[in-house]
Amino acid sequence: MLCSQSFFSTWLIAPLDNFAPIVKASDPVIQSNNSIFVLACFLDKQKKLPIVSGWHECSLQRLVQAVILYNKNPVPIYVSGGDFLSVNEPSYTDFANELLLNLGVKEEHIVLVPEGTNTMEEMAAVYPLLPHGQVAIVSTSTHMNRISKFDRFLNTSQGDLTSLLVPVDHLITRDTEFSFNIPASYSVDIVERALYEYLAVFAHVFSFE
């Protein structure tokens, strides 16, 4: 009953969802980017469909946000994602490449890194390839706490990078008040995502700290 209440699920997810400040397209800091790094999310496209079909919202939001940053400052976009789909050909990065090209990104500015089946593996695969300077890391807002810790660990061992966290796919999209509501399944889903992320931070981060 408690998990089905929006005030509780919002309270639980808020520290994760609000961890990284929102980056606006007009922010001058975008002009300091030397690269853009988009982490993979989900895709289900086993038959011929329109380019925008089959993407989970988290994937589509990340890739579209990368293009918004690119349009403000055209730097290479690195796209990661290993063999985690139910079919091997084409891969997640192949589909992402097609989408980015159709959204106006130049082919020479797309770097595909088809490696990694979780956040740490993807970052470990891409970081050695990134040019020194500022990298804009685009991912889901609730993952940013964990990403910032991985970033600190990888920067210590692999290079001199400055990360600009660019959160998307926010779960909290409106002001909330403390009030009871009819039990809602979406609140239970948010609680599940929050618990997963907190456990992931504990399991992955403390394994190398």
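Please explain the pattern of salt bridges as it appears in this structure.
Pairing between side chains of opposite charge can happen when the charged atoms of each approach one another. Applying the stated criterion to the full structure yields two salt bridges. R146 serves as the salt-bridge partner of E197, at 2.8 Å between the closest nitrogen and oxygen. Placement of E197 in helix α6 (residues 185–205) and of R146 in helix α5 (residues 144–158) is noted, with a sequence separation of 51 residues between them. Side by side, E197 and R146 carry an identical accessibility label, which is buried. Where D169 meets R193, a salt bridge forms, and the shortest distance between an N and an O atom there is 3.9 Å. In this pair, D169 is assigned in the loop between β5 (161–168) and α6 and R193 in helix α6, connecting sequence segments 24 residues apart.

It is not clear to me how the sheet that holds strand β3 (residues 110–113) should be interpreted in this structure. Could you clarify?
Pairing between sheet strands relies on hydrogen bonds along the backbone, with the strands arranged either parallel or antiparallel. Reading across the sheet, the five strands line up as β3-β2-β1-β4-β5 and stay open at both edges, with parallel pairing between neighbours. In this open sheet, the two strands that pair with only one neighbour each are β3 and β5. If you compare each strand with its neighbour and ignore which way they point, the axes differ by 25° on average. Pairing between strand β4 (residues 133–140) and β5: eight bridges, direction parallel. Residue A136 lies in a different strand from β5, and its bridge partner there is L164.

Cut-off values and rules
Every residue gets a number counted from 1 within its own chain, in the order that chain's sequence is written. In keeping with the predicted nature of the model, local features appear solely for residues at pLDDT of at least 70, side-chain atom pairs appear and are counted solely at 80 or more, and the whole-chain, interface and lining totals rest on all residues. Hydrogen atoms and water are omitted, and side-chain values are computed over all heavy atoms in the structure. Salt bridge, as applied in this entry: a Lys or Arg side-chain nitrogen positioned within 4 Å of an Asp or Glu carboxyl oxygen. Where helices and strands are cited, they refer to DSSP runs of H or I of at least four residues and of E of at least two residues respectively, numbered from the N terminus. Classification of residues uses two cut-offs on accessible area relative to the type maximum, computed with a 1.4 Å probe and protein chains only: under 20% is buried, over 50% is exposed, and between them is partly exposed. One requirement defines pairing of two strands: DSSP has to find at least two bridges between them. What counts as an axis is a line fitted to C-alpha atoms, over the stretch in contact for a helix, and the angles between N-to-C directions run from 0 to 180 degrees.

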